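Report on the structure
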There are 2 protein chains.
Amino acid sequence: MIETPYLLYLGHSQDPADIKTSRGLAVFRPDICVGEYRHDDCPLTLELPRMDFAAARAAGAKTLVLGIANAGGKLGEPLIVDALAAMEAGFDIASGLHHRLNAEPRLVEAAARLGRKLHDVRDPRPDIPIGNGKKRAGKRLLTVGTDCSVGKMYTTLCLASALEKRGVPADFRATGQTGILVAGDGVPLDAVVADFISGAIEQVSPARDDGGWDLIEGQGSLYHPSFAGVSMGLLHGAQPDALVICHDPVRPHMRGLPHYPLPGLAQTIEANLNAARLTNEHVQVVGIALNTSAMPEDEAKALCARIEAEFALPTSDPYRFGVETILDRLLGTDVAAQSVTETA
Amino acid sequence: MIETPYLLYLGHSQDPADIKTSRGLAVFRPDICVGEYRHDDCPLTLELPRMDFAAARAAGAKTLVLGIANAGGKLGEPLIVDALAAMEAGFDIASGLHHRLNAEPRLVEAAARLGRKLHDVRDPRPDIPIGNGKKRAGKRLLTVGTDCSVGKMYTTLCLASALEKRGVPADFRATGQTGILVAGDGVPLDAVVADFISGAIEQVSPARDDGGWDLIEGQGSLYHPSFAGVSMGLLHGAQPDALVICHDPVRPHMRGLPHYPLPGLAQTIEANLNAARLTNEHVQVVGIALNTSAMPEDEAKALCARIEAEFALPTSDPYRFGVETILDRLLGTDVAAQSVTETA
């Protein structure tokens, strides 16, 4: 468990693409981000108060998040120096970089001496079991998609937050690095060894009996030739009662693969339902989430309405138009009712 | 590449289940097994000549295979002592145990001093790429199954050997530990990190232009809730032109999961073809391989005939009745012809 709130590290970054994880946190969880730390040569900002380590500690920040990417995922010297200074000031450190904090002797030494924690969010926990497919108590929703990077994390977070606003207990279950930093916990599924994919999801979304929902962050796509195995194991481990289909209507081809077209929504729905039924025969699709950020609002609304009519499923852009209609379907249909009966 | 021939290690093993990998090699590749090494307290034998290290070296053996399992996959003291003695006698060492040879300082020191190699076949190579799904030259056959452990490795080996006997170039591509020791090369797919499953298969079965076939060893099942992600990534990475469906007709339930029944053959065929079409739209099923070892021969023959008629696919128990009818279908149909056209 990573302690919050966070101070977000921008360091010496020059390219907006390099601060993706820090920006993700600022966008998705401003409530747990106290400020940003950047050097004078960094032209970027997340519109958070700029703070040094002492000021951020005084403002309550507990963990410095190295939410940046750089060539090769290395921990460069400036980053190490800054992390050491932050630890001296009282911070734990969290990082999603390929180069592990725990592989850098100076950081390990300082953490031991000062009693600080080093969180490498790319490292799966060591005790992940093989999946067993046994039905467990509780209700689960999983976001799936036509492709990678079509808004699954954001949709899942929106659903979790909107459920809580309705007084329904809801937990976001993170499966990617940014998601883990958002939630303070989760599993970096892309780094789990192949035989343990479904077991990792069974572990991260255990049985629950409070009538609430686990909202599980999806990854990849059953139609992505690089990552479909991850998506398949995730689907089986999640045993979802409900699926939300995420889609980017202007994506020209599968991410990173110009030679692969996107699958259609009907095909995506059918493939995900077929695969999901192996571990939960009652699975249903409860909505479609579109990322319409590239379209004017009237076009986006018209597209949502058209897809909603075509598939008879609540369809929305969660960021622009909210997820209330999807929640109405989720809570109003027999998906919820069936699961309550089964676990009662 | 692991050098052959092998000396098979039984050590102090008492339980036949503990020498599974050594037995697999003795059964599947007697041509590369010079003898067995066992202590006086070991009541087991693989019906190979019992040899000490000097005698086995004199008979040409190059690698000692620690083809045993024990509690926790540990390298116990007797095993380390024996491995050290074997290295002194001139052997490389290969092991599929969880506890790595390369994590034992005495073995590492001896290997460096003596110029020997330590092969941990559970360690994937470090340079596995992300799969790209690009069509590559050459023809590929993949064995898939209704469940784990239904004869996929054995069927694949039989097909490779029978193809070679017909003068068709054929390479067995190993994806499991025993298979890797059989072939001397391959990828331990269950130990590959999730994001790299399909890329690992693209790497282990690269483009070929000699008119021959890659015969790829399947793993798991699309219907096994623990491992379907592995099977899915394998299917996409293999881009198979041809599938052979492997099945154990007396298996009571999915391996290790009494709460999951086996899928039917029709369902298995449909799911595998649907998933495989993502990376090779011309994929065809060319046969069904049954493990009939638990049935009398007349019953086994009747069952093969019945399933062959039902699915209009050559059906055989490769061990009992050979794979010639499956090869006839493979080489005689448009599967082979289409692939030749495409890669020409």
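Residues numbered from 1 in each chain as written. Chains lettered and ligands numbered in written order. Predicted model: local features only at pLDDT ≥ 70, side-chain atom pairs only at ≥ 80, totals over all residues.

Regarding the domain arrangement of chain A
Residues and elements named next belong to chain A. As far as domains go, chain A holds domain 1 (6-120) and domain 2 (139-343). On a C-alpha basis, the centres of domain 1 and domain 2 stand 30 Å from each other. At the junction of the two partners, domain 1 supplies 9 residues and domain 2 supplies 6 residues. With 4 residues, helix H1 (residues 20-28) is the single largest residue contributor to the side of domain 1 that touches domain 2. Split into classes, the residues belonging to the side of domain 1 that touches domain 2 amount to 4 nonpolar, 4 polar and 1 charged. (Domains from an automatic or database assignment. Contact = placed C-beta atoms within 7 Å. Helix = DSSP H or I, 4+ residues; strand = E, 2+ residues; numbered from the N terminus. Nonpolar A, V, L, I, M, F, W, Y, C, P; charged D, E, K, R; others polar.)

Observations concerning the pairing of strand S1 (residues 6-11) of chain B
Residue and element names in this part refer to chain B. Across the 6 residues of S1, 6 count as buried, placing the element largely inside the fold. Sheet topology note: the S1/strand S2 (residues 33-38) ladder contains 5 bridges and is parallel. Within S2, the position partnered with Gly11 by the bridge is Arg38. For the crossover that starts at S1, traverses helix H1 (residues 20-28) and ends in the parallel S2, the hand is right-handed. (Buried ≥ 20, exposed ≤ 12 C-beta atoms within 10 Å, placed from the backbone. Pairing = 2+ DSSP bridges. Right-handed = clockwise from strand over helix to strand, strands pointing away.)

A short note on the pairing of strand S3 (residues 63-66) of chain A
For a regular strand, side chains alternate in direction, first toward one face of the sheet and then toward the other. Residue and element names in this part refer to chain A. Taking every second residue as pointing to the same face, both faces of S3 are buried, with Thr63 and Val65 on one and Leu64 and Leu66 on the other. In this structure, strand S1 (residues 6-11) lies alongside S3, joined through 3 bridges in parallel fashion. Looking at the pairing, Leu7 lines up with Leu64 of S3. Across 4 bridges, S3 lies against strand S4 (residues 92-95) in parallel orientation. Bridge pairing in S4 links Leu66 to Ser95.

Some thoughts on the packing of helix H3 (residues 77-88) of chain A against helix H4 (residues 105-114) of chain A
Residues and elements named next belong to chain A. The contact between H3 and H4 brings their axes to 10 Å, and the two run at 0 degrees. Between H3 and H4, the interaxial angle falls into the category roughly parallel. Contacts between H3 and H4 involve Ile80, Ala83, Leu84, Met87 and Glu88 from the former and Arg106, Leu107, Ala110, Ala111 and Leu114 from the latter. A class-by-class count of the residues in the contact of H3 with H4 yields 8 nonpolar, no polar and 2 charged. (Axes fitted to C-alpha atoms, helices over the stretch in contact; angles between N-to-C directions. Parallel < 35°, antiparallel > 145°, perpendicular 65-115°, else oblique.)

Examining helix H10 (residues 297-311) of chain B
Helical geometry note: an α-helix holds 3.6 residues per turn, so side chains three or four residues apart project in the same direction. The terminal C-alpha atoms of H10 of chain B, which comprises 15 residues, lie 21 Å apart, in line with the 21 Å expected from a rise of 1.5 Å per residue. Positive phi appears at Ala312 of chain B, one or two residues downstream of H10 of chain B, with a value of about 55 degrees. (Expected span 1.5 Å × (residues − 1).)

With respect to the packing of helix H7 (residues 197-204) of chain A against helix H8 (residues 228-238) of chain A
Residue and element names in this part refer to chain A. In contact at an axis separation of 7 Å, H7 and H8 are set at 40 degrees when each is read in the N-to-C sense. Taken together, the axis directions place H7 and H8 in an arrangement best described as oblique. For the element pair H7 and H8, the recorded crossing hand is right-handed. Between H7 and H8, the contacting residues are Ile197, Ser198, Gly199, Ala200, Ile201 and Glu202 on the first element and Val230, Gly233, Leu234, His236, Gly237 and Ala238 on the second. (Left-handed = near helix turned anticlockwise from the far one by under 90°.)

Brief notes about the relation of the copies chain A and chain B
Think of it as a corkscrew move, a rotation about one axis and a shift along it, taking one chain copy to the other. Structural alignment of chain A on chain B gives an RMSD of 0.1 Å, achieved by rotating through 180 degrees and translating 0.1 Å along the axis. Here the transformation between the copies is reduced to the relation of a two-fold axis. A shared binding surface is used by both copies, with 100% of the interface residues of chain A retained as interface residues in chain B. (Least-squares fit on C-alpha atoms with pLDDT ≥ 70 in both.)

Concerning the sheet that holds strand S9 (residues 242-247) of chain B
In space, the 6 strands of this open sheet follow the order S7-S8-S6-S9-S10-S11 (chain B), with parallel pairing throughout. Edge positions in the sheet fall to strand S7 (170-173) and strand S11 (315-316) of chain B, since each of these pairs with one other strand and no more.

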